[in-house]
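Now for the letters of each chain:
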Amino acid sequence: MSLKENLVGLYSSLPYWLQDGLITVFNTYQYRQRQGGDYAKWKAYHAQHWTADQASVEQEAMRRQHEFLSHATTQSRWFSKHRSSDLQSFPTMTKQDLVANRETISTLEPNKGVVGKTGGTTGASLEVVYDRSDFQERMALLDLFREQFGHSLGKKTSWFSGKSIVTERDVVKGRCYRDDLINKIRFFSTFHINSGTIGAYAAAHNRFSPEYIVGFPSSIFEMCRLAKEHGIQLNRSVKAVFPTSEVVYPHQRTLFREMLGAETYDQYASAEGAPFIVECAHRNLHFISLSGAIEIVDEDLEPIDEGEGEALVTSFTTRGTPLIRYRVGDRMKFSDANKTCPCGSPYPLVDYIDGRTAAHITSPETGNIYQGNLSNCTKGVSGIECFQLVQNTTNAVTVRLVADRKFDTTNKAKFLENLRERTGDLMQVDIEIVNHIPPGKNGKFRFVINNL
C-alpha cells in the first residue's frame, strides 16, 4: 500500500488532534514531492519568461511543442503511428479515449511517476500518470501565479476542496475542519455547509484569520452567503481568494469582496493536465503558451480564427500521459491578437472560459451540493465511464450511469457510499444503468440537471 493509503486507513480511527498531526505529516510530505527535484529549475524558467518579449516566447513555445510531439510519438504506443510535427495532423482525443486507453497512451508505469486521480466533470473516473519533472513544473507555475498576490507556503491559508476529513458529529462540535499545523493550512469540509452549521464555519474562519482562501468557489460562496443571511460577520483578513475546479462568477466575486474583503484571482488548468490560463492583477486572463497549445474549433472540429468555440488542448507538461488535441469539454474565446495588458505579460489574452459550471443538487439534509463535490464520487470506484445526476424533487435524485463489467456490487456500494457522504441518508438515490447519456441542446454534457 502507498503512504497515502496507509494514512487514510489509520486516519478515521484517530481523535481529531491526532488527525491534525496525520494531515500535517502527509501534507508536508506532499509539498516536499511537489517542490523537490526540478521545481526550482522550472520556477526560474517560467519567471524568466513571465516578462520576456512576445517573439522569444512564441519561438520557445514552438520548440517545446516540437519536443513534446516527438516524445509522444516515440514513447507512447497510442501515438506511435503519428510521426508528424504538425499538431493539426493528430486526431482529437476524448475523455473516453483517455479512460479506456490510458495504459497504451501513457509512457510511464504508475510506480514510475506521480499518479493523479479525479472524478472529472463528465462523471468518469480518470487516472493519469505525470512525469515527476512535469508535475513539479505544474506546481512551479501554480506557485508563481499565486505569488503575484503575496501568497507563499507557510502563510495562513484556508482550503475548501472536497476532502472527506470530518463527520457530522465533528461539525456539531464546531470542528468542521482539520489543520496542517506546520504549513498553516486549515482544510474545511465542503460537505456540511448549511444553515445549521454556518455558525461553526464562521467561528472557525474567524479564529483562524486566513490570509488566503483556495478552493471551490461554490463552497466559499455558500459560507459567505449563509453568514450574510444569518447576520454573521466574517473576518476580513483575507488578501486573495484563489478558485479551483469551477467557474467563478461575478456575483461570487462581489460577495467575497463584501464578506471577506478580498479580491478573487482565477486560474485554469484541468486535473488531466491542461495548459495554464491565469488571471493577472489587471483582471485579464493570460494563456501561458509555454505550458501547451490551445486550438479553438467549431462543431465540426474545424479551426476558428476568431470567436468562441470548443477548446482542444495539447499540454507540454503531460509527458507521462500525453494530451494532444484533447477535448477537455470547455469553450473559450481568445482576445484580439493586438490587445495588450498593462501588466506587460507576453502571453496571449483570453476573453473568457465557459464550462466548469457550478451546477448543484439540493439535499434536505446537507443543503446545496455542488458539482466539484459530486464529481469526486467516482474516486476509488472502478467501472464507471460517466454519470449524470438529475433532480426533479427535493428529496430524490436519479443517477444515470454508463458502466462496464468492472462496475460490480462492490463498486456500486462504494459509489453509493461516496454519494451518501455528500447527500446524507434522507435523500432517495435511484441508479439507472444506461448505454448512453446524450449531450444537452448546446452539444455540451450536463453533469447535473436540477429541475427544482
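Predicted model only: the values in this text are computed from it and were never measured.

Chemist: Talk me through the overall build of the protein chain; I want residue IDs and the actual numbers.
Modeler: From N to C terminus, the protein chain includes 12 helices and 21 strands. Here the C-alpha atoms of the protein chain give a radius of gyration of 22 Å, agreeing with the 22 Å that 2.2 N^0.38 yields for 452 residues. Nonlocal contacts in the protein chain, meaning residues at least 24 apart in sequence, comprise 66% of its contacts between residues at least 6 apart. The averaged location of the 52 negative side-chain charges in the protein chain is 6 Å from the averaged location of its 52 positive side-chain charges.

Chemist: Can you explain the pairing of strand 15 (residues 349-354)? Please cite residues and give values.
Modeler: In the sheet, strand 11 (residues 285-287) pairs with strand 15 via two bridges, with the strands oriented antiparallel. Within strand 15, the position partnered with L285 by the bridge is V350. The pairing of strand 14 (residues 323-334) with strand 15 spans four bridges and is antiparallel. The residue of strand 15 that forms the bridge with K333 is Y352.

Chemist: I'd like a rundown of the sheet that holds strand 18 (residues 384-393), residues and numbers included.
Modeler: Across a sheet, paired strands are connected by hydrogen bonds in the backbone, their directions being either parallel or antiparallel. The strand order 20-19-18-21 describes an open sheet built from four strands, whose pairing is mixed. Because the sheet does not close on itself, it has two edges, and the strands there are strand 20 (428-433) and strand 21 (448-450). Shown here is a sheet whose adjacent strand axes are inclined to one another by a mean of 20°, direction ignored. One ladder, built from seven bridges, connects strand 18 with strand 19 (residues 396-403); its direction is antiparallel.

Chemist: So what's going on with the packing of helix 9 (residues 217-229) against helix 10 (residues 250-260)? Which residues, and what values?
Modeler: The interhelical angle for the contact between helix 9 and helix 10, taken along N-to-C directions, is 50°, at an axis separation of 10 Å. On the basis of their axis angle, the class for helix 9 and helix 10 is oblique. Both helix 9 and helix 10 take part in a crossing whose hand is left-handed. Along the contact surface, helix 9 presents P217, S218, I220, F221, C224, R225, A227 and K228, while helix 10 presents H251, Q252, L255, F256, E258, M259 and L260. For the contact of helix 9 with helix 10, the residue count by class is nine nonpolar, three polar and three charged.

Chemist: I'd love a proper account of the nonpolar core, names of residues and values included.
Modeler: Among the nonpolar cores identified, the biggest contains 92 residues, and L260 and I277 are the most heavily contacted of them. What L260 contacts, discounting residues up to four positions off in sequence, is H205, I213, I220, C224, L234, N235, R236, S237, V238, V241 and L255.

Chemist: Describe the pattern of salt bridges, with residues and values.
Modeler: Tallied over the entire structure, the rule returns 23 salt bridges. Notably, a salt bridge pairs E147 with K43, separated by 2.5 Å at the nearest N-O pair. Of this pair, E147 sits in helix 6 (residues 132-147) while K43 sits in helix 3 (residues 39-50), placing them 104 residues apart in sequence. Take E147: its relative accessible area is 34%, and that puts it in the partly exposed class. Across the pair E258 and K228 runs a salt bridge whose closest N-O atoms are separated by 3.1 Å. With E258 in helix 10 and K228 in helix 9, this pair connects stretches of sequence that are 30 residues apart. On the accessibility criterion, E258 (38% relative accessible area) is partly exposed. You can call K228 partly exposed: its relative accessible area is 46%.

Chemist: Tell me about the side chain of T197, and name the residues and values.
Modeler: Secondary-structure assignment places T197 in the loop between strand 5 (185-188) and helix 8 (198-208). Ignoring any residue separated from it by four or fewer positions in sequence, one finds T197 in contact with V171 and H192.

Chemist: So what about the sheet that holds strand 5? Which residues, and what values?
Modeler: Taken in spatial order, the six strands of this open sheet run 4-5-3-6-7-8, and their pairing is mixed. If you trace the sheet from one side to the other, it starts and ends with strand 4 (177-180) and strand 8 (263-264), each paired once. In the packing of helix 2 (residues 16-34) onto the sheet, contacts are made with strand 3 (157-160), strand 4 and strand 5, and the angle to strand 4 comes to roughly 50°. Running over the sheet, helix 9 touches strand 3, strand 6 (212-215) and strand 7 (240-243) and is turned about 125° from strand 6.

Chemist: Go over the confidence of the model for the protein chain with me, naming the residues and quoting the values.
Modeler: Confidence along the protein chain averages 88 in pLDDT terms, with 94% of residues attaining 70 or more. Per-element confidence in the protein chain ranges from a low mean pLDDT of 62 for helix 1 (residues 3-11) to a high of 97 for strand 8.

What counts, and where the lines are drawn
- Residues numbered from 1 in each chain as written.
- Predicted model: local features only at pLDDT ≥ 70, side-chain atom pairs only at ≥ 80, totals over all residues.
- Heavy atoms only, no water.
- Helix = DSSP H or I, 4+ residues; strand = E, 2+ residues; numbered from the N terminus.
- Rg over C-alpha atoms; globule rule 2.2 N^0.38 Å.
- Contact = heavy atoms within 4.5 Å.
- Lys, Arg positive; Asp, Glu negative; His and termini not counted.
- Charge placed at Lys NZ, Arg CZ, Asp CG, Glu CD.
- Pairing = 2+ DSSP bridges.
- Axes fitted to C-alpha atoms, helices over the stretch in contact; angles between N-to-C directions.
- Parallel < 35°, antiparallel > 145°, perpendicular 65-115°, else oblique.
- Left-handed = near helix turned anticlockwise from the far one by under 90°.
- Nonpolar A, V, L, I, M, F, W, Y, C, P; charged D, E, K, R; others polar.
- Core = buried A, V, L, I, M, F, W, Y, C linked by side-chain atoms within 4.5 Å.
- Buried < 20%, exposed > 50% of the residue type's maximum accessible area, 1.4 Å probe, protein only.
- Salt bridge = Lys/Arg side-chain N within 4 Å of Asp/Glu carboxyl O.
- pLDDT = per-residue confidence, 0-100.

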